[in-house]
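Chains, contacts and geometry: an overview
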Amino acid sequence: MNIVTCIAPVNIAVIKYWGKRDEFLILPTNDSISATLDTDQLHARTTVMISPDFKEDRIWLNGKEEDVKNARLQNCLKGIRKRSQLSGYTNDWKIHICSKNNFPTAAGLASSAAGYACLTAALAKLYKIEGDISIIARSGSGSACRSTIGGFVRWHMGSDKYGTDSLAKQIVPASHWPELRILVLVVSDEQKKVPSAIGMKRSMETSQLLQHRIMHVVPERANKMQRAIVEKDFKNFAQLTMKDSNQFHAVCLDTYPPCIYMNDISNSIINLVHSYNDAVNDVKVAYTFDAGPNATLYLLEKDVSAVIGVLDHFFPPSENVTIEYRRGLPVEGIKPSQGILEKLELQKYPPGQLRYMIYTKVGDGPKYLNNP
Ligand code: DP6
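These lines cover the structure that appears in this document, whether it is placed above or below. (Residues numbered from 1 in each chain as written. Predicted model: local features only at pLDDT ≥ 70, side-chain atom pairs only at ≥ 80, totals over all residues. Heavy atoms only, no water.)

**Let's talk about the overall build of the chain**
Helices and strands together make up the secondary structure of the chain, namely ten helices and 17 strands. Its C-alpha radius of gyration of 21 Å places the chain within 12% of the 21 Å reference for a compact globule of 372 residues. Relative to its full complement of 372 residues, the chain shows a buried share of 56%. Put simply, of all contacts in the chain between residues at least 6 apart along the chain, 78% involve residues at least 24 apart. Working note: accessible area of the chain is about 16,700 Å², and carbon and sulfur atoms make up 51% of it. Within the chain, one finds 44 positive and 38 negative side-chain charges whose respective centroids are separated by 3 Å. (Helix = DSSP H or I, 4+ residues; strand = E, 2+ residues; numbered from the N terminus. Rg over C-alpha atoms; globule rule 2.2 N^0.38 Å. Buried < 20%, exposed > 50% of the residue type's maximum accessible area, 1.4 Å probe, protein only. Contact = heavy atoms within 4.5 Å. Areas by Shrake-Rupley, 256 points an atom, 1.4 Å probe, with all protein chains shown as cover. Lys, Arg positive; Asp, Glu negative; His and termini not counted. Charge placed at Lys NZ, Arg CZ, Asp CG, Glu CD.)

**Re the pattern of salt bridges**
A side chain with one charge can pair with a side chain of the opposite charge if their charged atoms come near. Taken as a whole and assessed by the stated rule, the structure comprises 16 salt bridges. For the salt bridge of Glu220 with Lys224, the shortest nitrogen-to-oxygen distance reads 3.4 Å. On the criterion of helical spacing, the pair formed by Glu220 and Lys224 is a turn pair, its members being four residues apart in helix α6 (residues 208–230). You can call Glu220 partly exposed: its relative accessible area is 49%. For the salt bridge of Asp244 with Arg221, the shortest nitrogen-to-oxygen distance reads 2.9 Å. Of this pair, Asp244 sits in helix α7 (residues 234–254) while Arg221 sits in helix α6, and the two are 23 residues apart along the sequence. (Salt bridge = Lys/Arg side-chain N within 4 Å of Asp/Glu carboxyl O.)

This is the structure we're talking about:
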């Protein structure tokens, strides 16, 4: 029996992927850019085994057996077996896959990205595959291709109709911008209402704004974003991130029937971030939202304790919270400046509570664990 275990991270896009030019091959209509988060806080963990004793391929997700015939899973398995370096005999052994996330599935936290990146990375090691694996991860879930690599990553849409040039490449490693921090604000851990694949198909069919975005906005914006990352220009990075999140959700509303992913608390977070930046007369925090109500904030380490202080003030954990409210990296001296709080108090935010927050940073991509 051969066995490999791997953990792979979530990634959070700052230039969003939304729209496919080929649904089966999962080829996007624009480039996208993301940061790969540290595996310590949010990850999928996958063990893959092959054995001559297994009668059929099988998969368990978060402890429950799922249908191995799922088309996306089959895409990955076929892609792997095609590039396998194992001998023909071993290559025909059946496979068992066990995968679980340490965070809520399908709550807009890029769980499929971590899951398919992890599956692909584990299988690639088991089948001794070398070179790019992002193309294989992409065939499971588009955004997964970006989680196969650490640091800041660009998924190039490519132009080949078979998708041979639609792959992820690193812009810079995590070590390039070590001061950057991420706060994931979990507003809700319920399943999202419209899955991304269905939402983006509907947007392709009905949204004129999406066509404008693809043709006239993202090509230039993605290049500006790449430059901001290379130059560690937080202000530009933050402004582009917020604008791109807002345009993506505008596209979702322009879709018919609309896809409404954010809720009142999400909107309050947007208002709070803008008011905070106004109050400090700078751009210190950026928000971004995927296909769900949870916010991801990008900020610099030196501003973390002040920002958490403001969040605790306006979105206090509810009294009967029994789970660990703040998870991840340690934070010291949480204290919002009194002057800033007074300015922010003048704005009336509707009361809202967060389920929990996760404090993390940019990470190095998938990691292999030792098997016994
Ligand atoms: C809003 O990668 O989940 O998170 O390719 O159909 O699996 P499929 O979609 P998926 O879409 C992610 C959309 C997004 C934006 C992003 O991550 O770029």
